[in-house]
Amino acid sequence: MKYYSLICFLFTISVSFAQTPSALKSPVMEHASPQEVGMSPERLNKIDSMISTEINQGNIPGAVALIARNGKIVFHKAYGMANNEKNVKMEKDAIFRIASQTKAITSTAVMMLWEEGKFQLDDNISKYIPEFGEATVLDTYNEKDGTYTTKPAKNQITIRDLLTHTSGIGYGEIDGDPRFKKIYANAGITDLFTTKNITIEESVKKLAKLPLHHEPGEAFTYSEGLDVLGYFIEIISGMPFDEFLRTRIFEPLNMDDTWFYQPKKNYNRLVTVQKKENDQWIKYPVTFYDTDYPIKGSKTFFSGGAGLSSTAKDYAKFLQMYLNNGEYNGIRLLSRTTVRSILGNQIGTIWNGPKHHGLAFSLVNEKGEIEGGLGSAGTFEWGGYFNTQYFADPKEKIIGIIMKQTQGPIDDATSWKFKQMLFSAIDN
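Quick caveat, the model's predicted, so the values are computed rather than measured.

## Quick look at the environment of Phe288
Here's step 1: With respect to the helices and strands, Phe288 occurs in the loop between β9 (280-283) and β10 (309-310).
Here's step 2: The spatial distance from the C-alpha of Phe288 to the C-alpha of Phe193 is 8.9 Å, given a sequence separation of 95 residues.
Here's step 3: Residues within four places of Phe288 in sequence aside, it is in contact with Glu173, Asp191, Leu192 and Tyr385.

The following block contains the structure:
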């Protein structure tokens, strides 16, 4: 009997050790000392001083910065003001318009449905949104009256093209080509954010009729492709896009402060978008959009490319899920095999610099790692229209997030200094 018990015990131990790391439940993100995860307190203090100096010199009005390693938060601080005119201090739980940081969340939702066998990445989007029909490319444009001619595209837009910004679709008001700014404006396309009573379905169906910058799949053009995919998610899932994100991503990850439109209880935590004028920080005025869109207006436009607002800690949970190969706190959103595809080069040699692009993020390559200051090869990252930034390094298990809310020209060096100094703080 004694030997039988010993055999059972040894069998249990062997099964336990046979489990892969992905089968184990990862912990929720909690705070730890820098030394516990191999970070230098002295060098993190230099990051603290750097951000404070930038604010004291008037280069940015305020910020929240977060650093985590091995799933532990070792640095989470608030700086400066959330609203200078009203003398509102920045707090660590401040809510920021994350704009294009929305894109990675939308891409994740797409890939969750892909895992369910709902579609293939190289399916034509017209299979699901017939309005896209046969793609055309802009040929000539008449500056005098805004008329244009097109030519048939050789290729059709695929779901992969939309995820990688290689579809040829443009970005309207922020497009680098002034012709497309005018074409989108004349067609009534909703760019980025709005307080108007419009849906992504309405905007995407208008967008589908317009010409492309170039042949799908042949170049990188930053685009409204993720807005198209937000509507695509509604079609495939059979539920409103905001509800899909809430039930399938935000609730499982406990991202309680991440919304397209914030609940009333959070209104006072929304940071004001500010610009510098006569050496003073003032609220950014209404232009082609109202910066108060997360708490104002019809609240019907769920922009998959730019619409969400969130906190630094919420976004860290989302990034940690990726560092955990698709799992967080025992809940698996993605298979590790899918994460590997998302974090692989999906655009070949279209980019020939220190980074390439996957299905949700830009990714540092070996050239970028050697250049220095960008993280290890495989570090994934992006940012947002209102001066927010994030990156995560799977090799070093590090997350860096710095959130600000500015528009217009400013002398802000925190974007590059924060990253460069963070990787220099690794101490093991």
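## With respect to the pattern of salt bridges
In a structure, side chains of opposite charge can pair up when their charged atoms sit close to one another.
Here's step 1: Counted under the stated rule, the structure contains 19 salt bridges.
Here's step 2: Its salt-bridge partner being Lys205, residue Glu201 comes within 2.8 Å of it at the nearest N-O pair. You can see Glu201 and its partner Lys205 sitting in helix α6 (residues 200-207), four residues apart, about one turn around the helix.
Here's step 3: When its relative accessible area of 25% is taken as the criterion, Lys205 is described as partly exposed.
Here's step 4: Residues Asp290 and Lys296 are paired through a salt bridge, measuring 2.7 Å at the closest nitrogen-oxygen approach.
Here's step 5: A residue is classified by how much of its surface remains accessible, and Asp290, at 11% relative accessible area, is buried.
Here's step 6: One salt-bridge network, in which partners are shared between bridges, spans Asp93, Asp257 and Arg269.

## Some thoughts on unusual backbone geometry
Here's step 1: Non-glycine residue Asn70 carries a positive phi angle of around 55°.
Here's step 2: With respect to the helices, strands and loops of the structure, Asn70 is situated in the loop between β2 (62-69) and β3 (72-83).
Here's step 3: What makes Asn70 partly exposed here is its relative accessible area of 44%.
Here's step 4: Positive phi values are uncommon outside glycine, yet Asn387 reaches one of about 80°.
Here's step 5: As for its placement among the helices and strands, Asn387 is situated in the loop between β15 (380-384) and β16 (388-393).

## Brief notes about the packing of α6 against helix α7 (residues 225-237)
Here's step 1: Two elements in contact, α6 and α7, have axes separated by 9 Å at closest approach and are oriented at 120°. Classified by the angle their axes make, α6 and α7 are oblique. Both α6 and α7 take part in a crossing whose hand is left-handed. Contact residues: Ile200, Glu201, Val204, Lys205 and Leu207 in α6; Asp227, Val228, Gly230, Tyr231 and Glu234 in α7.
Here's step 2: Tallied by class, residues from the contact of α6 with α7 come to five nonpolar, one polar and four charged.

## Thoughts on the nonpolar core
Here's step 1: Membership of the largest hydrophobic core comes to 87 residues, with the highest contact counts inside it found for Ile159, Leu245, Phe318, Leu319, Phe361 and Ile401.
Here's step 2: Residue contributions to this core peak at eight residues, all from helix α9 (residues 312-323).
Here's step 3: Leu44, Ala63, Phe391 and Ala425 belong to the second largest nonpolar core, which has 21 residues in total.

## A word on the environment of Glu143
Here's step 1: Mapped onto the fold, Glu143 is located in the loop between β6 (136-141) and β7 (148-152).
Here's step 2: Along the chain, Glu143 and Phe318 lie 175 residues apart, while their C-alpha atoms are 45 Å from each other.
Here's step 3: In contact with Glu143, not counting residues within four places along its chain, are Arg179 and Lys182.
Here's step 4: For Glu143, the side chain forms a polar contact with the side chain of Lys182, separated by 2.7 Å.

## A short note on the packing of helix α2 (residues 41-56) against helix α12 (residues 414-423)
Here's step 1: Direction vectors running N to C along α2 and α12 enclose 170°, while the axes themselves pass 10 Å from each other. Relative to α12, the element α2 is oriented roughly antiparallel. Here α2 contributes Lys46, Ile47, Met50, Ile51 and Glu54 to the contact with α12, which in turn contributes Thr414, Lys417, Phe418, Met421 and Leu422.
Here's step 2: Here the contact of α2 with α12 is built from residues that sort into six nonpolar, one polar and three charged.

## Quick notes on the pairing of β3
Here's step 1: Relative to β3, strand β1 (residues 30-31) runs parallel, the two sharing two bridges. Bridge pairing in β3 places His31 opposite Ile73.
Here's step 2: As paired elements, β2 and β3 share eight bridges and run antiparallel to each other. Looking across to β3, one finds that Gly62 is bridged to Gly80.
Here's step 3: Between the antiparallel neighbours β2 and β3 lie two residues, among them Asn70 with a positive phi of about 55°.
Here's step 4: Pairing geometry for β3 and strand β4 (residues 88-89), over two bridges, is antiparallel. From the neighbouring strand, Asn83 faces β4, where its bridge partner is Val88.
Here's step 5: Adjacent in sequence and paired antiparallel, β3 and β4 are bridged by four residues, among which Asn87 carries a positive phi angle near 60°.

## Observations regarding the confidence of the model for the protein chain
Here's step 1: Considering every residue of the protein chain, the mean pLDDT works out to 94; 95% of them sit at 70 or more.
Here's step 2: Scored below 50 in pLDDT, residues 1-22 makes three contacts in the model with residues more than four places away or belonging to other chains.

## Remarks on the side chain of Asp290
Here's step 1: Inspection of the secondary structure puts Asp290 in the loop between β9 and β10.
Here's step 2: Polar side-chain contacts of Asp290 include one of 2.7 Å to the side chain of Lys296.
Here's step 3: Those residues within four positions of Asp290 in sequence are excluded, and the remaining contacts are Thr195 and Lys296.

Cut-off values and rules
Residues numbered from 1 in each chain as written. Predicted model: local features only at pLDDT ≥ 70, side-chain atom pairs only at ≥ 80, totals over all residues. Heavy atoms only, no water. Helix = DSSP H or I, 4+ residues; strand = E, 2+ residues; numbered from the N terminus. Contact = heavy atoms within 4.5 Å. Salt bridge = Lys/Arg side-chain N within 4 Å of Asp/Glu carboxyl O. Buried < 20%, exposed > 50% of the residue type's maximum accessible area, 1.4 Å probe, protein only. Axes fitted to C-alpha atoms, helices over the stretch in contact; angles between N-to-C directions. Parallel < 35°, antiparallel > 145°, perpendicular 65-115°, else oblique. Left-handed = near helix turned anticlockwise from the far one by under 90°. Nonpolar A, V, L, I, M, F, W, Y, C, P; charged D, E, K, R; others polar. Core = buried A, V, L, I, M, F, W, Y, C linked by side-chain atoms within 4.5 Å. Polar contact = N/O pair within 3.5 Å; in protein donor to acceptor, adjacent residues only side chain to side chain. Pairing = 2+ DSSP bridges. pLDDT = per-residue confidence, 0-100.

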